[in-house]
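Analysis of the macromolecular model
Residues per chain, in single letters:
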Amino acid sequence: MANALRRARPSRPRVDALALFTALAAGDSGLSRRGMTALLKLRRRQLETKDRARGALVRIEPRATPPLLDLGAVAAASPLTADFHSLLVLQLLADYPERGEPLRAQLHARRDGLDLPALAQSLWSPDGREALERACAPFGLDPALLAGTLWVALKPLFEGVARACLRFFELPQGTRQCPLCGGPPWARCNGELRCAVCETRWECESSARPLQPDDGLQPRGVQRLCDPQTGERLFDVEPGLFEAAYDTGPMIELLRMLG
């Protein structure tokens, strides 16, 4: 018995890949400890919202050529857009109660006639910024803050629709932009790129081309790369973190606006 106890080894604690990736990818973002905690909570809420909405009715009309989906039209037509936005704003109110006035103003404006689905579609249009400013003016809303909350709130919808679409349609490969939604790549791993909008992964030979490490200290497992000729930036993510990886940029910008 004593010999068996001496031979027994303590089990290693399970690594939280999502928390580890968040810390590595956003460690140099300038967010405070409070902001980093809020960032991780927002991503967990996005994943939870996406899973709970599984099976909800969203009409998809894929195109014949890439990008297959018009996510602006999906957001405008989805009955989930307003609900997703409410869930996000309520989360932010809990994390940043001192910013309650501008956040609650967005919920009040919706009840007073703000057309949130139309604004969701405007995020994809060339004159989207002007449309947001015109829509926000009667309600005294901050257009940048509304665009930030709306974008972050819609990401679970985009990811869920993309995942569902991949079950029924063959994804074209070799494109520089996301073949599903047209979003830009933000990360790569072993010849695969990952979309900054819908997090779809696809193969592309250009993902293996040489890129230079960015300036400054680099975290292990999530290396920042850049192309000095085009200005393109990518994260080079290790396989063990790639499944949990996500584009932190829009959420970081939103959290900076809040505090």
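Residues numbered from 1 in each chain as written. Predicted model: local features only at pLDDT ≥ 70, side-chain atom pairs only at ≥ 80, totals over all residues. Heavy atoms only, no water.

1. Details of the overall build of the protein chain
Put simply, the rule is: The helix and strand labels rest on DSSP assignments: H or I over at least four residues marks a helix, E over at least two residues marks a strand, and numbering proceeds from the N terminus. Based on C-alpha atoms, the radius of gyration is set beside the globule rule, defined as 2.2 Å times the residue count to the power 0.38. Burial classes follow relative accessibility: with a 1.4 Å probe on protein chains only, a residue under 20% of its type's maximum area counts as buried, one over 50% as exposed, and anything between as partly exposed. Pairs of residues are marked as contacts when any of their non-hydrogen atoms sit within 4.5 Å. Residue burial considers only the protein chains on display, and all accessible areas are found by Shrake-Rupley using a 1.4 Å probe. Positive charges are assigned to Lys and Arg, negative charges to Asp and Glu, while His and the chain termini are left out of the count. By convention, charge coordinates are those of NZ in Lys, CZ in Arg, CG in Asp, or CD in Glu.
Broken down by element type, the protein chain carries 11 helices and six strands. Taking 259 residues into account, the globule formula puts the C-alpha radius of gyration at 18 Å, and the protein chain, at 20 Å, falls close to it. Judged by the C-alpha coordinates and their principal axes, the protein chain covers about 75 × 45 × 40 Å. For the protein chain, the proportion of its 259 residues judged to be buried stands at 45%. When contacts within the protein chain are restricted to residue pairs at least 6 apart in sequence, those whose partners lie at least 24 apart make up 63%. Only carbon and sulfur atoms are counted for the fraction: they give 52% of the accessible area of the protein chain, which is about 14,300 Å². For the protein chain, the centre of its 34 positive side-chain charges and the centre of its 31 negative side-chain charges are spaced 9 Å apart.

2. Structural notes on the nonpolar core
Just so we agree on the cut-off: Only buried residues count toward a nonpolar core, which is a set of Ala, Val, Leu, Ile, Met, Phe, Trp, Tyr and Cys residues joined through side-chain atoms within 4.5 Å.
The biggest cluster of nonpolar side chains holds 38 residues, and the ones touching the most others in it are L146, L157, L180 and C198. Breaking this core down by element, the ones donating at least two residues are α4 (71–77), α7 (116–122), α8 (128–136), α9 (143–166) and β2 (192–195). The biggest single contributor to this core is α9, with nine residues. Look past the residues within four positions of C198 in its chain and what remains in contact with it is F158, E159, A162, C178, L180 and C181. Counting 37 residues, the second-largest nonpolar core is a separate cluster that includes L88, L93, W186 and L241.

3. Observations concerning the packing of α8 against α9
Let me state the cut-off plainly: Throughout, an axis means a line fitted to C-alpha atoms (over the contacting stretch in the case of helices), and angles, computed between N-to-C directions, take values from 0 to 180 degrees. By definition in this entry, angles of less than 35 degrees are roughly parallel, angles greater than 145 are roughly antiparallel, angles of 65 to 115 are roughly perpendicular, and the rest are oblique. If you view the pair so one helix is near and one far, a crossing is left-handed when the near helix is turned anticlockwise from the far one by less than a right angle, and right-handed when it is turned clockwise. Here the term charged refers only to Asp, Glu, Lys and Arg, the term nonpolar to Ala, Val, Leu, Ile, Met, Phe, Trp, Tyr, Cys and Pro, and the term polar to all other amino acids, Gly among them.
Interhelical geometry of α8 versus α9 gives an angle of 110 degrees and a closest axis separation of 9 Å. Between α8 and α9, the angle falls in the class roughly perpendicular. Considering only the axes of α8 and α9, their crossing is right-handed. In this structure, α8 contributes L132, E133 and C136 to the contact, and α9 contributes P143, L146 and A147. Of the residues assigned to the contact of α8 with α9, the class counts are five nonpolar, no polar and one charged.

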